[in-house]
Amino acid sequence: MKRKITIRNDFFSYFKYFFRILKDKFLISIFLSIGVSFLDGIGMAMFMPLIQSVSDDGQSVSFSSAALGKLHYFTDGLENMGINLNLYSILVVLIILFTLKGVFRFFQQYYQVKMCQFYMKTVQVDLTNHILNLSYEGFLTFDAGKIQNSLTTEVNRMRNGIMHYLTSFQSIIMLLTYMLLAYLANWKFALLVSLGAVISNVVFKRVFRLTKSASNSLSKKGNQFNSYILQAVHYFKYLKSTNYFSHYSKKLKTTIEETEFLNKKIGLYQSITSSVREPVLIIVVSLVILMQVTFFGSGLSTIMLSLLLFYRALIYLLSLQASWQSFIQNIGAFESVNSTLSHMKTLEEVNTGTKTFSFNHKIQLRNVTLQYGKKVILNDITLNIDKNKTIALIGESGSGKTTLANLIATLLKPTKGDILFDNNPATLYDLKTYRNKIGYISQEPVIFNDTIYNNIAFWQEISPENMANFWKVAKLTHLEDFIKSLKDKENTRLGDNGILISGGQKQRISIARELYKNVELLILDEATSSLDSETESIIQKNIDTLHGNFTIVIIAHRLSTIKNADVIYLIEKGKIVDSGSFNELIEHSTKFKRMVELQEF
């Protein structure tokens, strides 16, 4: 879909916008709307001969062409087809016309529903794709509340918006159809009413502008509120235990009150326009009738059909103004989502590599430097990660360990230097194929509110092959006995963020998930730092089981986690200051020896 539009109170700007997305679907909808309008208008025109037939003997109809204006061509056409116009034949024609209109109306409304759903799918898929394509650095700068608000509240407002736009479009076609028929019946009368309607419409333009402004403000408040809610949920334990929630809730309540004020303001504008719209138009029609009779000397009989048609036109003008204002009320959602998409576009990850990832020997970081602005995070880092070896990254908090792991995972790109896979630049490879081979275990394990099977197999279909793989990794991570002891076994639900299981079980499930997808590189970012000693020992056995079978990068503070690593890199202030096996570092690194003695890791 088009990612950026210039939003105005301009019907045809939106027409072009929707047409670019919906293409031929929009044209089909227009055709169906014209069909409904034409059949409805001609059906209404047939009421004039029907009325006259009732006043005659019911056998035939004679009426002057002045009563129908140029619309007498339609009745003439019926008579030329051999249809004798009388009460019975006119009723049959009316039934046929309005039955056909009903058929067209059915297809039109159902098609509009399908078209609306297609549009919503297009928007949601586009948003999802943009989130997928966000770079990690871009995501860190993005407001999570805005993303959630765009995918939920704003998408629903867009759905309401497009339905109101389609209603407005239908009203315009019906309005134009009745105006055309009214002009054919009595062009002088129709012209005067049209001028009056245009003048009356000016009254509502100011209200539309105010409504649009309130709609934009409402979208911004929605983004803000969702951001506050996400943080409240994420930090609930902290806020609750410190009683900060009572203070934080004031921010939520203030935003709720401001949202209420904006909704009331929009409601006020809607109430004003809906209450004055019909009286204004009736005044216009009344004045035109007086002018027609007084100044032009026309009788009511000569303007009756035009008046009937124009009254129908004015009904659709009222409908148009109401539906257009409802559309304007949701304009903020279109602007908000398109703004979000445009911003995401600027933060997309560059993935120009085409080669499928594989490595047989080693991953290298060569003279890698990473800085944000003038601040240097990592400085001239060079290290090797040999295949199926375990390396450890240790150092004080803030020394750059996690940032280095993010570079290895290609979540970040070095400011200087190169990342190589078997001496080939990482830029040659499709990043997705590389990340398919990466398993990442963080201090806070990722557990979804679903079953154990879906958490490990990541919603792969249940098949004999997948179940065999599931139990294989469950055994490898010492989860087999635990799962089999549960009443629902692998179908046991784990609750929100794994609230129903222990921290150690969550970590083992996280490790099992990475092994299930057949990773080659496993990154453990302080995976045991929040666990008790007994649970840590279990996780350590899991890691030792994997040693030599996978390439493992461990970031840790605790001695037990890194003691069996093949190479340990000591990082200080963004630089590697020493490296070697555990015993080698004990021998020649005073800094490392002191860390061991103080148990700082």
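Anything mentioned here points back to the structure above.
Now for a quick tour of the structure. (Residues numbered from 1 in each chain as written. Predicted model: local features only at pLDDT ≥ 70, side-chain atom pairs only at ≥ 80, totals over all residues. Heavy atoms only, no water.)

### Thoughts on the packing of aromatic side chains
Here comes step 1: Across all of its chains, the model carries 34 aromatic pairs by this definition.
Here comes step 2: Ring geometry for Phe357 against Tyr429: centres 5.9 Å apart, planes inclined by 70 degrees, an arrangement best described as edge-to-face. One end of the pair, Phe357, is in the loop between helix H13 (331-346) and strand E1 (362-372); the other, Tyr429, is in the loop between strand E5 (424-425) and helix H15 (431-435), with 72 residues separating them in the sequence.
Here comes step 3: Under the relative-accessibility criterion, Tyr429 is labelled buried at 3%.
Here comes step 4: Centre to centre, the rings of Phe458 and Trp459 are 5.0 Å apart; their planes meet at 70 degrees, and the pair counts as edge-to-face. (Phe/Tyr/Trp six-rings, centres within 6.5 Å; stacked < 30°, edge-to-face > 60°. Helix = DSSP H or I, 4+ residues; strand = E, 2+ residues; numbered from the N terminus. Buried < 20%, exposed > 50% of the residue type's maximum accessible area, 1.4 Å probe, protein only.)

### Some points on the environment of Ile501
Here comes step 1: Mapped onto the secondary structure, Ile501 falls in the loop between helix H18 (480-485) and helix H19 (503-516).
Here comes step 2: A relative accessible area of 14% means that Ile501 is categorised as buried.
Here comes step 3: In this structure Ile501 touches Phe482, Leu494, Lys506 and Ile509, once residues within four positions along its chain are discounted. (Contact = heavy atoms within 4.5 Å.)

### A short note on the sheet that holds E5
Here comes step 1: Taken in spatial order, the four strands make up an open sheet running E2-E1-E4-E5, and their pairing is antiparallel. Across the chains shown, the open sheet's two edge strands, defined by having one partner strand only, are strand E2 (375-386) and E5.
Here comes step 2: Note that E1 and strand E4 (residues 416-421) share five bridges and pair antiparallel. Across the sheet, Ile363 pairs through a bridge with Phe421, a residue of E4.
Here comes step 3: In the packing of helix H14 (residues 401-408) onto the sheet, the strands contacted are E1, E2 and E4, and the crossing angle to E2 comes to about 60 degrees. (Pairing = 2+ DSSP bridges. Axes fitted to C-alpha atoms, helices over the stretch in contact; angles between N-to-C directions.)

### Let's talk about the sheet that holds strand E3 (residues 390-394)
By definition, the strands of a sheet pair up through backbone hydrogen bonds, in either a parallel or an antiparallel sense.
Here comes step 1: What the six strands build is an open sheet, ordered E6-E7-E8-E3-E9-E10; its pairing is mixed. Here the strands that pair on one side only, and so sit at the sheet edges, are strand E6 (438-441) and strand E10 (575-580). Going from strand to strand, the sheet's axes swing by 15 degrees on average, the running direction of each strand aside.
Here comes step 2: By the bridge criterion, five bridges tie strand E9 (residues 567-572) to E10 in an arrangement that is antiparallel. Bridge pairing in E10 places Glu572 opposite Lys575.
Here comes step 3: Where H19 meets the sheet, it contacts E6 and strand E7 (521-525), and its direction lies at approximately 170 degrees from that of E6.

### Let's talk about the nonpolar core
Here comes step 1: If you look at the biggest cluster of nonpolar residues, it comprises 40 residues, and the most contacted ones within it are Ile456, Phe470, Leu479, Ile562, Ile568 and Phe592.
Here comes step 2: With five residues, H19 is the single largest residue contributor to this core.
Here comes step 3: Core analysis: the next-biggest nonpolar cluster, separate from the first, contains 31 residues, Ile381, Leu393, Ala426 and Val553 among them. (Core = buried A, V, L, I, M, F, W, Y, C linked by side-chain atoms within 4.5 Å.)

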